[in-house]
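Chains, contacts and geometry: an overview
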2 protein chains.
Amino acid sequence: MKPTLLFLVVGAAGLCWGQAPPDCKPNALNIPEAKYPCIFPDNRVMYRVIAPNAQSVRVGNTNLTKGPDNIWSGTTAQPAVEGFHYYGVNIDGATVADPSTRTYFGSGWWNSGIEIPAPDQEFYQPKEVPRGRVSEQWYFSKITGKWRRCFVYTPPGYDGSRNKYPVFYLLHGWGEDETAWFNQGRVDFIMDNLIAEKKAKPMIIVMDNLNAVRPGESATRFASRGLVPDPSDRPAPPPAPRAAAGAPGAAGAPGAARAGQPARAGGGMLGNSAFTEMMLTDLIPMIEKTYRALPGAANRAMAGLSMGGGQTRSTTMAHLDKFAYIGLFSGGNISMAEIKDPAAFKKQIKAVFFGNGQAEGGTAASKPAAEELKKAGINAVFYESPRTAHEFLTWRRCLREFAPLLFK
Amino acid sequence: MKPTLLFLVVGAAGLCWGQAPPDCKPNALNIPEAKYPCIFPDNRVMYRVIAPNAQSVRVGNTNLTKGPDNIWSGTTAQPAVEGFHYYGVNIDGATVADPSTRTYFGSGWWNSGIEIPAPDQEFYQPKEVPRGRVSEQWYFSKITGKWRRCFVYTPPGYDGSRNKYPVFYLLHGWGEDETAWFNQGRVDFIMDNLIAEKKAKPMIIVMDNLNAVRPGESATRFASRGLVPDPSDRPAPPPAPRAAAGAPGAAGAPGAARAGQPARAGGGMLGNSAFTEMMLTDLIPMIEKTYRALPGAANRAMAGLSMGGGQTRSTTMAHLDKFAYIGLFSGGNISMAEIKDPAAFKKQIKAVFFGNGQAEGGTAASKPAAEELKKAGINAVFYESPRTAHEFLTWRRCLREFAPLLFK
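Residues numbered from 1 in each chain as written. Chains lettered and ligands numbered in written order. Predicted model: local features only at pLDDT ≥ 70, side-chain atom pairs only at ≥ 80, totals over all residues. Heavy atoms only, no water.

1. Quick word on the overall build of chain A
In terms of regular secondary structure, chain A is built from ten helices and 20 strands. In chain A, the proportion of contacts linking residues at least 24 apart, taken out of those at least 6 apart, comes to 72%. Summed over all atoms, the accessible surface of chain A reaches about 14,600 Å², with 56% contributed by carbon and sulfur. (Helix = DSSP H or I, 4+ residues; strand = E, 2+ residues; numbered from the N terminus. Contact = heavy atoms within 4.5 Å. Areas by Shrake-Rupley, 256 points an atom, 1.4 Å probe, with all protein chains shown as cover.)

Right under this line is the structure:
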């Protein structure tokens, strides 16, 4: 009996209850020993949730049903798209993380995560290669007046050598934070593998938080979705579907995967001048003092995803003397019209990269933008991630394509 | 109007709705910009949860009520005990993390966390002192046949020097993992502060996962609470109260805080021989190869909390030639009857430490145990954390007391 058929029988009629669906493999991001959610060979996802007194339980647009064992179960109608997806469970109108999985910070809260194996997954899996490490680094920012945290990847061999390394500053997107690139993005596995294959140079990667607010400034722009309003706020609207409650990566509903994220808005934003000032005043000097970092523009790259791409464009375009490489991952593009001095740009910027997921629709703008720069003699690279939307597999692949361009 | 009175009015009669309770300070572990949960000056906690169609919402034994703004609110009847507590929200029988807070791995799943400021909180807060860093370190274990992850604290000055450092191996408790000591435990802040005050020597601290299973062995012993059963398992019992749903640190209900944890069971367990073998075969050699670690027993300490204390006792007592310092944090104690060769023990082990929280009842056994060792000429230290139970403030304080004993 094919898993598809089996599940339809189980789900629809309650027959075969008492038998786990064969071939449904636990999500790699589940808590230890948890079997659910699980993923069928065709990438449909089965969820199981304990909510004995609930009236309604759903994940995205998949309604779960309560079985004779008092547990809610359901399988997505469509296969999920390959890659990492955030998701939440809706229990009687409350959007919460699934207690069965590890949580990831996205859309401003700690969502559940699910990982649908991709055909090219080897590039982000651990292998028996020399390993770098990711460090949590706290520092005090004079610009914001607060302690900040970033994560720093140092490449294999860093600890045993006296070498200095170039530095790549890499930003997350809206609603995420400094934990995104090494948790959701798997920076360390991707880089260890690229470096072992000699496809990328050993480098330091700094993952900071793009939110920066000067003392007294409002933080509203960066506020999380799903904040519980204060009693003094206006009455809450009826149950608002939250981003992460969208069907995680359901094929046929590509919009759902990015429902909560201002998809290309990131590319069009002006960026946050407080972040740029903080980066130049606090972050870069701290990194160059604390780590064995090569100084100077030729040894600095910057990239970001979505809103982090917008911030990257804003920061680098205002300080072209400080960076040699620019990467925008689902984060818009740069046109010739924005480049005031093409000759200087061409000399200073060694590579510009625009990447998008095939399903998110950015190609129409980014591909011709890269062509335009190339015609002007600028080393511009365009990349489209097959099948993926505004999600982390797009950005893991962007990193895989962008890192080899750096510090050559 | 005192906050206490105001809240009673709001909660009981719905009067004053539209006004946030004054003096209720957001939990430091909330997601960015989230005002709830918040903590009143007397340490009662107010929760607010969006669950528009739920019939019942509670946190521990605090039942929340739905207000005219369609949001569930409630305040604990009793003040919470100072320190870090795990908690969950029960929505119609489902125990889930509160979407308003950061999540922490405890009781085998990603709970919410709340931090009640302690009178001595300065010791675990960041200060303007030289800072170490915590690194994520992956390595392959020959004993388990799997990739493992630990976190490694390197002290201030590590990166800029060629010095070698002693190594302290520090284990979490039941249901936790290798992230516990640096997230919940704040190892880096505590150590940076102690080192700046010259109370502790600079050292490397390795935080690994005490779960280790040889290929083919069952992992059942380490299984998480709250796993969703398989349909082939026997029917689920009626809604089982899960550990983290207990009133977080409610005074007057000290048992609740440790409901899900086998409090002193950890101390009485034999420990896991696979972990010990993995530690000696894989972990210690990897650390001493990857980091600038001083070799030899005199430069090795081991401690753990709760079940991690039991593991520490088991590992060190079986390999007294490998360690010079032993710390059991709410993890039982060592009696003279267990020490086969007191003269050798006294020579090899430079310090033994037993720590407990005042409210968890371990003192009755640990204090005389330390006295007994002291009478035999062994450097045994007993510590009792005021007011706290089987929770992380007890263990932060144990670390503060234990670290200064090391590597003198």
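2. Topic: the sheet that holds strand β3 (residues 45–49) of chain A
Residue and element names in this part refer to chain A. Strand order in this open sheet of five strands is β1-β2-β3-β7-β6, and the pairing throughout is antiparallel. Two strands lie at the open edges of the sheet, namely β1 (25–26) and β6 (65–66), each paired on one side alone. Where β1 lies against strand β2 (residues 38–39), two bridges are found, and the strand directions are antiparallel. Directly across from K25, in β2, lies its bridge partner I39. (Pairing = 2+ DSSP bridges.)

3. Observations regarding the relation of the copies chain A and chain B
Its rotation angle being 180°, the transformation that places chain A on chain B also includes 0.0 Å of axial translation and leaves an RMSD of 0.0 Å. This pairing of chains is accounted for by a two-fold axis. Among all residues of chain A, the one whose C-alpha sits closest to the rotation axis is S135 of chain A, at a distance of 1.9 Å. (Least-squares fit on C-alpha atoms with pLDDT ≥ 70 in both.)

4. Some details on the pattern of salt bridges
Residues and elements named next belong to chain A. Counted according to the given criterion, the structure contains 42 salt bridges over all chains. In this structure, the salt-bridge partner of E82 is R387, at a minimum N-O distance of 2.8 Å. Placement of E82 in the loop between β7 (72–75) and β8 (83–87) and of R387 in the loop between β20 (380–385) and α10 (392–402) is noted, with a sequence separation of 305 residues between them. Judged by its relative accessible area of 9%, E82 is buried. (Salt bridge = Lys/Arg side-chain N within 4 Å of Asp/Glu carboxyl O. Buried < 20%, exposed > 50% of the residue type's maximum accessible area, 1.4 Å probe, protein only.)

5. Digging into the interface of chain A and chain B
Each partner contributes residues to the interface: chain A has 73 residues there, and chain B has 72 residues. Summed over both partners, the interface of chain A with chain B buries about 6,200 Å², with 60% contributed by carbon and sulfur atoms. Interface area lost by chain A to chain B is led by R133, V228 and P231 of chain A, which between them contribute 11%. Applying the counting rule to chain A against chain B returns zero salt bridges. Put simply, chain A and chain B have ten residue pairs in polar contact (both at pLDDT 80 or more) between them. (Buried area = accessible area lost by both parts, 1.4 Å probe. Polar contact = N/O pair within 3.5 Å; in protein donor to acceptor, adjacent residues only side chain to side chain.)

6. Describing the state of the cysteines
Residues and elements named next belong to chain A. This structure, assessed with the given rule, holds two disulfides over all chains. Between the sulfur atoms of C24 and its disulfide mate C38 the distance is 2.0 Å. Where C24 bonds to C38 through sulfur, the torsion about that S-S bond is close to 95°, and the disulfide is right-handed. Separated by 14 residues along the polypeptide, C24 in the loop between α1 (3–13) and β1 and C38 in strand β2 bring together distant segments of the chain. Here the two residues C24 and C38 agree in accessibility, since each one is buried. (Disulfide = S-S within 2.5 Å.)

7. A look at the confidence of the model for chain A
All names here are of chain A. Looking at chain A, the pLDDT average stands at 86 and 83% of residues meet or exceed 70. Segment residues 1–18 is flagged for pLDDT under 50; beyond a separation of four residues in sequence, or across chains, it makes 33 contacts in the model. Scored below 50 in pLDDT, residues 235–269 shows 83 contacts in the model against residues more than four places distant or in partner chains. As a predicted assembly, this complex carries a pTM of 0.87 together with an ipTM value of 0.85. (pLDDT = per-residue confidence, 0-100.)

8. Topic: the pairing of strand β14 (residues 146–154) of chain A
Residues and elements named next belong to chain A. Summarising burial for β14: seven of the nine residues are buried, a large majority. Connecting strand β13 (residues 133–141) to the antiparallel partner β14 that follows it, the hairpin turn spans four residues, and G145 within it adopts a positive phi of roughly 75°. Bridge count between β14 and strand β16 (residues 204–207): three bridges; the pairing is antiparallel. Bridge pairing in β16 places Y153 opposite I205.

9. Some points on the side chain of R313 of chain B
Residues and elements named next belong to chain B. Among the secondary structure elements, R313 is positioned in helix α7 (residues 307–318). Classification of R313 as buried rests on a relative accessible area of 15%. In terms of polar contacts, R313 uses its side chain to reach the side chain of E338, at 3.3 Å.

10. Side note on unusual backbone geometry
Omega for the peptide link from Y36 of chain A to P37 of chain A comes to 0°, which places this bond in the cis form. Of note in the backbone geometry, S107 of chain A takes a positive phi value of approximately 55° without being a glycine. Relative to the helices and strands, S107 of chain A resides in the loop between β11 (103–106) and β12 (109–116). Given a relative accessible area of 4%, S107 of chain A falls into the buried group. In this structure, D92 of chain B takes a positive phi of about 50° despite not being glycine. Among the residues examined, D92 of chain B registers a relative accessible area of 1% and is labelled buried.

11. Section: helix α6 (residues 273–290) of chain A
Residues and elements named next belong to chain A. Along its 18 residues, α6 runs 24 Å from first to last C-alpha, staying within 8% of the 26 Å computed at 1.5 Å per residue. Along α6, the sharpest kink reaches roughly 45°, centred on M279. By the burial criterion, the buried members of α6 are A274, F275, T276, M278, M279, D282, L283, I284, M286 and I287. Where the residues of α6 are buried, they touch β13, β14, β15 (167–171), β16, β17 (300–305) and α7 (307–318). Backbone nitrogen of A274 and a side-chain oxygen of the N-cap are separated by 2.9 Å at the start of α6; the cap is N272. (Expected span 1.5 Å × (residues − 1). Bend = angle between axes of the 7 residues up to and from the residue.)

12. With respect to the packing of aromatic side chains
All names here are of chain A. By the definition in use, this model includes 36 aromatic pairs over all chains. Look at F353 and F402: their rings are 5.4 Å apart centre to centre, the planes differ by 55°, and that puts the pair in the tilted class. One end of the pair, F353, is in strand β19 (residues 351–357); the other, F402, is in helix α10, with 49 residues separating them in the sequence. Each residue in the set F84, Y86, Y104, F168, W181, F329, F353, F392, W395 and F402 is aromatic and connected to the rest through ring pairs, giving one cluster. Sitting over the ring of Y36, R48 keeps its end group 5.2 Å from the ring centre. Over the face of the ring belonging to Y124 we find R396, whose NZ or CZ atom lies 4.4 Å from the ring centre. (Phe/Tyr/Trp six-rings, centres within 6.5 Å; stacked < 30°, edge-to-face > 60°. Lys NZ or Arg CZ within 6 Å of the ring centre and 35° of its normal.)

13. Examining the environment of D230 of chain B
Tracing the backbone through its elements, the reader meets D230 of chain B in the loop between β16 (204–207) and α4 (254–257). Residues D230 of chain B and A298 of chain B, 68 residues apart in the sequence, show an inter-C-alpha distance of 49 Å.

14. Concerning the environment of I116 of chain B
Residue and element names in this part refer to chain B. Considering the arrangement of structural elements, one finds I116 in strand β12 (residues 109–116). Relative accessible area serves as the criterion here: at 0%, I116 is assigned to the buried category. Along the sequence, I116 and V81 sit 35 residues apart, while their C-alpha atoms lie 7.0 Å from each other. For I116, the residues in contact, after removing those within four places along its chain, are I39, N43, V45, A80, V81, E82, G83, H85 and Y124.

15. Some points on the pairing of β12 of chain B
All names here are of chain B. Taken across its eight residues, β12 has eight buried, putting it largely inside the fold. In this structure, strand β8 (residues 83–87) lies alongside β12, joined through five bridges in antiparallel fashion. Directly across from H85, in β12, lies its bridge partner I114. Linking strand β11 (residues 103–106) back to β12 in an antiparallel pair, the connection comprises two residues, with S107 at a positive phi of about 55°.

16. Some points on the domain arrangement of chain A
All names here are of chain A. Each domain of chain A was delimited in the assignment, giving domain 1 (2–115) and domain 2 (123–212 + 272–405). Computed from C-alpha atoms alone, the centre-to-centre distance between domain 1 and domain 2 is 34 Å. Facing the 14 residues of domain 1 at the interface are 17 residues of domain 2. Buried surface at the junction of domain 1 and domain 2, both sides included, amounts to about 1,200 Å², of which 46% is carbon and sulfur. Ranking the residues of domain 1 by area buried against domain 2 places E82, F84 and F105 at the top, with a combined share of 41%. For the pair domain 1 and domain 2, the interface holds three salt bridges. Residue E82 pairs with R397 through a salt bridge whose shortest N-O separation is 2.7 Å. Looking at the side of domain 1 that touches domain 2, the elements with two or more residues in it are β8, β11 and β12. The element that contributes the greatest number of residues to the side of domain 1 that touches domain 2 is β8, accounting for four residues. A breakdown of the residues in the side of domain 1 that touches domain 2 according to their chemical character gives six nonpolar, five polar and three charged. (Domains from an automatic or database assignment. Nonpolar A, V, L, I, M, F, W, Y, C, P; charged D, E, K, R; others polar.)

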